[in-house]
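Each chain, written out:
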Amino acid sequence: MPETDFLEDSKVVPGKLEFIRDSVRFEVTGTIPIESALSPKNPKINVLLKSSENSLLFEALELTKNVGDYSYNQSFTLAYEPWMEGAFLEIQFFQGKKALDEPYQKKVLARGVITTPLLAKVGKVNYDEPIPQVGLFISTGIMDTDLSRSKEFLIKFDAGSSTIKMNSANTQAIADLKTFLTENSSVLSFKITGVQSPETAEGSSSKLGMDRAEAVNRLLKESNISIRDSLLEVSSRWNDWFDFRLLLREYEKISTQRKDQYYAVLLNELDYQTQSQALRKISGFNQVASDLFPNLRVAKIEVVAKPLLGLNQAQSMILQKALEQSNGNSELDMADWAIAGETTPRLEDKAKIYSKMTELFRSVIPYNNLAVVKMRLAQRTLDQEAKDALWKEANELLYQAAKIDTNPYVLHNQGQIMVLQGKTWEAYKKLSDASVLTRNDNFLRYNESLRGALDILRGDYKLATLRFNYNYTEPKDFFNKGLAYYLAKDFANASLSFEESVMAGRNYGYGFYGLAMIAAESGQAEVALLQLDRAIHSSELLYQKALVDPIFEEIRSTDEFFQIFRPAASKKEN
């Protein structure tokens, strides 16, 4: 080692390089000491930014000779490139008349670049993560409409029996059930509840009710009514006045005042036997019991279902015929076509429908929606040439839509494509124009979340926090919100948002990574390692990032840090 450390007080400001907006800015300062009368011979200072992929050697720094040293102070502004994230910044000292390949001394000033804003989720695809959904369809609203309906069907039994007799009432109940399921084939829940009346002949245990429920379940299978096990619930009720209370509501042979007497007992929350004794004391109870108790010898089938969305069979046949023909005529109106496109699950089928619609109707809807299909198909390919071609097709369709009418959905989709192409500033203008054209809350929630992510990339963190003032359900939106607060130094709100991201999707590791950043920022090494362990096991991108992220520089030298990475590395190799 040289006797004199000529780079001892060399430093970089700030101490960790950081991506801000689209650049990395820093300042290198220091002095070269002159000891006694001996001055370094032809001193020269170089600065090198180098990674395993690339390097950037700057021109020698300008030196100012002072009484006791040479000083240097120079600012740098670099257009950020991805290779810089894992680079190190090195200062090199040369001396002597001859040009030397190797420096006399060198010192690493900083390792890596903090690129936290680039974590913002804007729709880009990472190969080991779920494909982000991009683009907004113009909706008919049918998918958002609650079309579910519920209906009850009764299978009746003789007193004390669990054997089903297919009399006219029970036969009709099964027929009605089949009709209901045909008209509402999307079943949401299906309950079979065996009920028994308080009559002595009905027994003194709940076994009869359950036997009735299981008998009905067998009958349904024999009648070719198949219900998925996950939707089916088979149970019984006994020593419970609930079903009697329901019958009493429709019973018309007693006055309202008398009914109030019954309800006063039925709703007093006392035990079944106490309520039973009180009911029998009410005048006229025997007649009420005679009329209503037989109707409790039943099994109830309670179904919640809704019709399948889309066209009916006849309309579907007309649609298929129109798709196969080359003429510009259709028996279906535009609303029918839009519903067909919206309710068709496969992107390829949507493309056929919306493409045909552009021939039949002069409307923004088919052009915009076909463009969204192209955007989502682009998300599914890793081939950049194919992706670019699909984006070009989508943009051409959106251009045609914009010629028909100025529409916020069209502007949003144009902006989204620009984001994916890296045209951040142009995208921001499109998204801003889209926001002023509508007050639709669902649209604004989606549009403003993307706009907020761009605010993060633009370095306007305070403004970004305001964009996320909506109710979200997706983990990526909670993460972006947390990222905005984190970069704005509001760590309390950042922590809450990152935790919400974790709760919305525990397999989405970004929330854990955000919590790890906050813990590292506050010096909680153990907590940071715990959260980081969870993050790196969910995403290869986060695994690679954590290895170079300067935020974790202080804990990266610990054995505990590499202990959490060794199992993750082994798992990825296997």
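Nothing here was measured: the structure is a model prediction, and the numbers come from that model.

## Points about the pattern of salt bridges
1) Next: Evaluated as defined, the whole model comprises 21 salt bridges.
2) Next: In this structure, lysine 476 and aspartate 477 form a salt bridge, with 2.9 Å as the shortest nitrogen-oxygen distance.
3) Next: Several salt bridges share partner residues, and in doing so they unite Glu448, Arg451, Asp455, Arg458 and Arg467 into one network.

## Here we look at the packing of aromatic side chains
1) Next: All told, the structure shown has 24 aromatic pairs when counted by the stated rule.
2) Next: Centre to centre, the rings of tyrosine 472 and phenylalanine 478 are 6.4 Å apart; their planes meet at 80 degrees, and the pair counts as edge-to-face. This pair shows no difference in class: tyrosine 472 is buried, exactly as phenylalanine 478 is.
3) Next: A connected cluster of aromatic rings, assembled from ring pairs, spans Trp241, Phe244, Tyr272, Phe285 and Phe293.
4) Next: Taking the ring centre of phenylalanine 94 as reference, the NZ or CZ of lysine 44 above it sits at 5.0 Å.
5) Next: Just above the ring of phenylalanine 137 sits the side chain of lysine 350; from NZ or CZ to the centre is 5.3 Å.

## Here's the deal with the pairing of strand β13 (residues 232–237)
1) Next: Note: strand β12 (residues 186–195) against β13, six bridges, orientation parallel. Looking at β13, one finds that phenylalanine 190 is bridged to leucine 232.
2) Next: What joins β12 to β13 is helix α2 (residues 207–222), and the crossover it makes is right-handed.

## Regarding the nonpolar core
1) Next: With 51 residues, the main nonpolar core has Tyr513, Met517 and Leu532 as its most contacted residues.
2) Next: Of all the elements, helix α18 (residues 510–521) adds the most residues to this core, at eight residues.
3) Next: If we skip the residues at most four places from it in the chain, methionine 517 touches Thr116, Leu119, Leu483, Tyr486, Phe498, Ile551 and Phe552.
4) Next: If you look at the next biggest cluster of nonpolar residues, it comprises 41 residues, including Leu319, Ile339, Ala351 and Leu398.

## Quick look at the side chain of serine 223
1) Next: Summarising the element assignment, serine 223 is placed in the loop between α2 and β13.
2) Next: A polar side-chain atom of serine 223 sits 2.9 Å from the main-chain carbonyl oxygen of leucine 219.
3) Next: Non-local contacts of serine 223, meaning those with residues more than four positions away in its chain, are made with Ile174 and Lys178.

The rules behind these values
- Residues numbered from 1 in each chain as written.
- Predicted model: local features only at pLDDT ≥ 70, side-chain atom pairs only at ≥ 80, totals over all residues.
- Heavy atoms only, no water.
- Salt bridge = Lys/Arg side-chain N within 4 Å of Asp/Glu carboxyl O.
- Phe/Tyr/Trp six-rings, centres within 6.5 Å; stacked < 30°, edge-to-face > 60°.
- Buried < 20%, exposed > 50% of the residue type's maximum accessible area, 1.4 Å probe, protein only.
- Lys NZ or Arg CZ within 6 Å of the ring centre and 35° of its normal.
- Pairing = 2+ DSSP bridges.
- Helix = DSSP H or I, 4+ residues; strand = E, 2+ residues; numbered from the N terminus.
- Right-handed = clockwise from strand over helix to strand, strands pointing away.
- Core = buried A, V, L, I, M, F, W, Y, C linked by side-chain atoms within 4.5 Å.
- Contact = heavy atoms within 4.5 Å.
- Polar contact = N/O pair within 3.5 Å; in protein donor to acceptor, adjacent residues only side chain to side chain.

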